[in-house]
Amino acid sequence: VFHGRILARRVVGQETRYEVEVKAPYRRRFPLVSREYLWVPNTCGCPSLREGGEYLLMARRHVNHEHTLNRILLQDDGYARPWTPREARLVREAARHC
């Protein structure tokens, strides 16, 4: 779970790749650097993320069996919500209890 700002968007085959500036990580299940690529399958019911928009994102680290692919993937069971100070407060409170 992290707060990110969308810098760019590119459709690559059956997926959309977003370049994201990581503003603040909330859950640290895997390390994030200041800029990451977020991949979204085009079949995902996720909302389109607009360039310049800030979002609260819940995604997974996806590594294939051959360990040749290591990326952040936003799946149907993840979420992308517009970031607000209220959302940030709720996530910080929830992270303390988890």
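Not measured: the values here are computed from a predicted model. (Residues numbered from 1 in each chain as written. Predicted model: local features only at pLDDT ≥ 70, side-chain atom pairs only at ≥ 80, totals over all residues. Heavy atoms only, no water.)

Some words on the environment of arginine 5
Considering the arrangement of structural elements, one finds arginine 5 in strand 1 (residues 2-12). Here arginine 5 falls in the partly exposed class, since its relative accessible area comes to 26%. Sequence separation between arginine 5 and alanine 80 is 75 residues; the distance between their C-alpha atoms is 11 Å. Every residue in contact with arginine 5, bar those within four places of it in the chain, is listed here: Glu19, Val20, Glu21, Lys23, Gly52, Gly53 and Glu54. (Helix = DSSP H or I, 4+ residues; strand = E, 2+ residues; numbered from the N terminus. Buried < 20%, exposed > 50% of the residue type's maximum accessible area, 1.4 Å probe, protein only. Contact = heavy atoms within 4.5 Å.)

Some thoughts on the sheet that holds strand 5 (residues 60-63)
Spatially, the 7 strands line up as an open sheet ordered 5-6-3-2-1-4-7, and their pairing is mixed. Looking at the sheet topology across the chains shown, the edges are occupied by strand 5 and strand 7 (79-82). If you compare each strand with its neighbour and ignore which way they point, the axes differ by 45° on average. Across 7 bridges, strand 2 (residues 15-25) lies against strand 3 (residues 35-41) in antiparallel orientation. Paired with arginine 17 across the bridge in strand 3 is tryptophan 39. (Pairing = 2+ DSSP bridges. Axes fitted to C-alpha atoms, helices over the stretch in contact; angles between N-to-C directions.)

Let's talk about the confidence of the model for the protein chain
Averaged over all residues, the pLDDT of the protein chain equals 85, while 93% of them reach at least 70. By mean pLDDT, helix 1 (residues 85-97) is the weakest element of the protein chain at 80, and strand 1 is the strongest at 94. (pLDDT = per-residue confidence, 0-100.)

Topic: the pattern of salt bridges
A full pass over the atoms with the stated rule returns 6 salt bridges. Here aspartate 77 and arginine 60 are joined by a salt bridge, their closest N and O atoms 2.7 Å apart. In this pair, aspartate 77 sits in the loop between strand 6 (70-73) and strand 7 while arginine 60 sits in strand 5, placing the two residues 17 residues apart along the sequence. For arginine 60, a relative accessible area of 46% corresponds to the partly exposed category. (Salt bridge = Lys/Arg side-chain N within 4 Å of Asp/Glu carboxyl O.)

Thoughts on the layout of surface pockets
Put simply, the largest pocket is a space of about 280 Å³. Together, 15 residues line the largest pocket, and Val1, Arg29, Met58, Ala59 and Arg60 are the ones closest to its centre. (1 Å grid on protein atoms, 1.4 Å probe; cavity = no way out; pocket = protein on both sides within 12 Å on 5 of 7 lines; lining within 4 Å. Points joined across faces, edges and corners; volume = space filled by probe spheres on them.)

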